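# Observations on the three-dimensional arrangement
Here is what each chain is made of, one letter per residue.
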Amino acid sequence: MSAFSSKVLVIGMDGLRFDRLIALDAPVLAGLMSSGAYGTSKLPYGEAGTPRTESPGEVVPKTPEPGDGGRVIRSRTDSGPGWSSIATGAWPDKHGVVDNGFASAQFAKYPDFLTRAKTARPHLTTSAFFSWAALAEHGAFGPSIDRRFVLDGYAVGWAEADAQVADAAERHLSEDDPDAVFVYLGDTDEVAHDLGPHCPEYAAALKAQDAYLGRLLDAIRARPAYPGERWTVLVTTDHGHVDEGGHGGTTDEERTVFVIVNRLGEDLGGRSLGAPRLVDVGPTALAVLGVALDPAWDLDGVPLEP
Ligand SMILES: [Zn+2]
């Protein structure tokens, strides 16, 4: 056994375009990249020309590409499929979430990584903080998670919901003893739907979320037990946006996603992770927690090794 206690924090920022992240002022994320490892990949699903929507959409096939091995994943590049892939480590043709309707979700067979961690190692403490209530309602982050802090961003307002999510997660990281934590921030997506990702409002939403992330990291570093802990922090998004705002289709702007991995206190030098995929996030978190991946789980993701 390691003398250190390994813990993981996964931060999701909805609809965060990587090129905008690079172009805009987000000092905490920039710091996580420069001392961590990161990369981008393209979602293997979506359809060009799909109209923007936040409601259940028509299920559309992706155009097969060389190297797909013939596997065609029918799904929109929407939040439901993205977060479900991040949570489960499997693509939409397995977990069944192909739009924001969650009609055919298979979370009993493909549970989220926090639920898997808890099942494998019941002494672990797991928690999830999010403002998209559908993720709780449909079980993308399931009821066995020790603590679920759930807001309805549509009712509260997404910027306000992010503030409350960040407050609750910060308190939790300061006062409790979690092993695996997921935190969702959503205003970037809301602003991009309204105004696109090239406006000052999008920059402001990103900057606010970046500051919340900084507070969470400060809370971790201030933990009395921190010297004996080894924290891995992952940051990712569920999809991008077209320049005009909106997603669902297959443009590079919609399909490009990123994963950042940082081991707090360790300098990974900003190296490349290759092409990390959303389905690699959950397996990476499980590996940090010492949970062996069972081939019977039929996951698509593998642990990232920065
Ligand atoms: Zn989204």
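For clarity, every value in this text was computed on a predicted model and none was experimentally measured.

A few words on the side chain of Ser75. Note on placement: Ser75 falls in the loop between strand E2 (37–42) and helix H3 (79–88). For Ser75, a relative accessible area of 0% puts it in the buried group. A distance of 3.3 Å separates a polar atom in the side chain of Ser75 from the backbone oxygen of Val98.

Let's shift gears to the coordination of the zinc ion. Listed as protein donors to the zinc ion are Asp14 (OD), Ser79 (OG), Asp238 (OD) and His239 (NE2); their distances from the metal cover 1.9 to 2.0 Å. Between the four donor atoms coordinating the zinc ion, the angles at the centre fall across 95 to 132 degrees, so the site counts as tetrahedral. Along the chain, the residues that donate to the zinc ion are spaced as D-x64-S-x158-D-H. With Asp14 in the loop between strand E1 (5–13) and helix H1 (18–23) and His239 in the loop between strand E6 (229–236) and helix H11 (252–255), this pair connects stretches of sequence that are 225 residues apart. Across the pair, His239 and Asp14 agree in class, each one buried.

Here we come to the side chain of Ser131. Looking at where Ser131 falls in the secondary structure, it is placed in the loop between strand E3 (126–130) and helix H6 (134–137). A relative accessible area of 0% means that Ser131 is categorised as buried. Residues within four places of Ser131 in sequence aside, it is in contact with Leu151, Asp152, Gly153, Trp158, Ala161, Asp162, Val165 and Tyr184.

Moving on to helix H5 (residues 113–120). Within H5, six of the eight residues are buried, which leaves it mostly tucked inside the rest of the structure. Residues of H5 that are buried include every one of Phe113, Leu114, Thr115, Arg116, Ala117 and Lys118, and no others. The inward-facing, buried residues of H5 abut E1, H3, E3, strand E5 (180–185) and helix H12 (281–288). The N-capping residue of H5, defined by a side-chain oxygen 2.9 Å from the backbone nitrogen of Leu114, is Asp112.

On to the environment of Ala161, then. Considering the arrangement of structural elements, one finds Ala161 in helix H8 (residues 158–175). Each C-alpha atom, one on Ala161 and one on Ser131, is 5.9 Å from the other, the two residues being 30 residues apart in sequence. Each residue touching Ala161, except ones within four places of it in the same chain, is listed here: Ser131, Leu151, Gly153 and Val156.

With the rule as written, the count across this model stands at eleven aromatic pairs. With 6.3 Å between their ring centres and 85 degrees between their planes, Phe113 and Phe141 make a pair best called edge-to-face. With Phe113 in helix H5 and Phe141 in the loop between H6 and strand E4 (147–150), the pair connects residues that are 28 residues apart, well separated along the chain. For Phe141, a relative accessible area of 0% corresponds to the buried category. An angle of 15 degrees between the planes, with centres 4.2 Å apart, marks the rings of Phe141 and Phe182 as stacked. Of this pair, Phe141 sits in the loop between H6 and E4 while Phe182 sits in strand E5, and the two are 41 residues apart along the sequence. With respect to burial, Phe141 and Phe182 carry one shared label: buried. An aromatic cluster of at least three residues, connected via ring pairs, comprises Trp83, Phe113, Phe130, Phe141, Phe182 and Tyr184. The ring of Trp297 is capped by Arg116, whose NZ or CZ atom sits 4.3 Å from the centre of that ring.

Moving on to the confidence of the model for the protein. Residues at a pLDDT of 70 or more form 92% of the protein, whose mean pLDDT is 93. Taken together, the stretch residues 53–58 has pLDDT below 50 and engages in 15 contacts with residues farther than four places along the chain or on a different chain.

The phi dihedral of Phe102 is positive, around 55 degrees, even though this residue is not glycine. Looking at where Phe102 falls in the secondary structure, it is placed in the loop between helix H4 (92–95) and H5. With phi around 60 degrees, Asp298 is a residue other than glycine that occupies positive phi space. Turning to its location among the elements, Asp298 is positioned in the segment after H12.

Strand order in the open sheet formed by eight strands is E4-E3-E5-E1-E6-E7-E2-E8, and the pairing between neighbours is mixed. With one partner strand each, in any of the chains shown, E4 and strand E8 (271–272) form the two edges of the open sheet. Of the strand pairs in this sheet, E6 and strand E7 (residues 256–263) are connected by five bridges, and their pairing is antiparallel. The residue bridging Thr232 from the neighbouring strand is Arg263, located in E7.

With six of its six residues buried, E5 lies for the most part within the structure. Burial along E5 is two-sided: the face carrying Ala180, Phe182 and Tyr184 and the face carrying Val181, Val183 and Leu185 are both buried. With six bridges joining them, E1 and E5 adopt parallel strand pairing. Each bridged residue has a counterpart across the sheet, and for Leu9 the counterpart in E5 is Val181. Of the pairings in the sheet, the one linking E3 to E5 comprises four bridges and is parallel in character.

What counts, and at which threshold
- Residues numbered from 1 in each chain as written.
- Predicted model: local features only at pLDDT ≥ 70, side-chain atom pairs only at ≥ 80, totals over all residues.
- Heavy atoms only, no water.
- Helix = DSSP H or I, 4+ residues; strand = E, 2+ residues; numbered from the N terminus.
- Buried < 20%, exposed > 50% of the residue type's maximum accessible area, 1.4 Å probe, protein only.
- Polar contact = N/O pair within 3.5 Å; in protein donor to acceptor, adjacent residues only side chain to side chain.
- Donors = N, O, S within 2.8 Å, 3.2 Å for Na, K, Ca; no water.
- Tetrahedral: all angles 85-135°; square planar, octahedral: opposite > 155°, others 65-115°.
- Contact = heavy atoms within 4.5 Å.
- Phe/Tyr/Trp six-rings, centres within 6.5 Å; stacked < 30°, edge-to-face > 60°.
- Lys NZ or Arg CZ within 6 Å of the ring centre and 35° of its normal.
- pLDDT = per-residue confidence, 0-100.
- Pairing = 2+ DSSP bridges.

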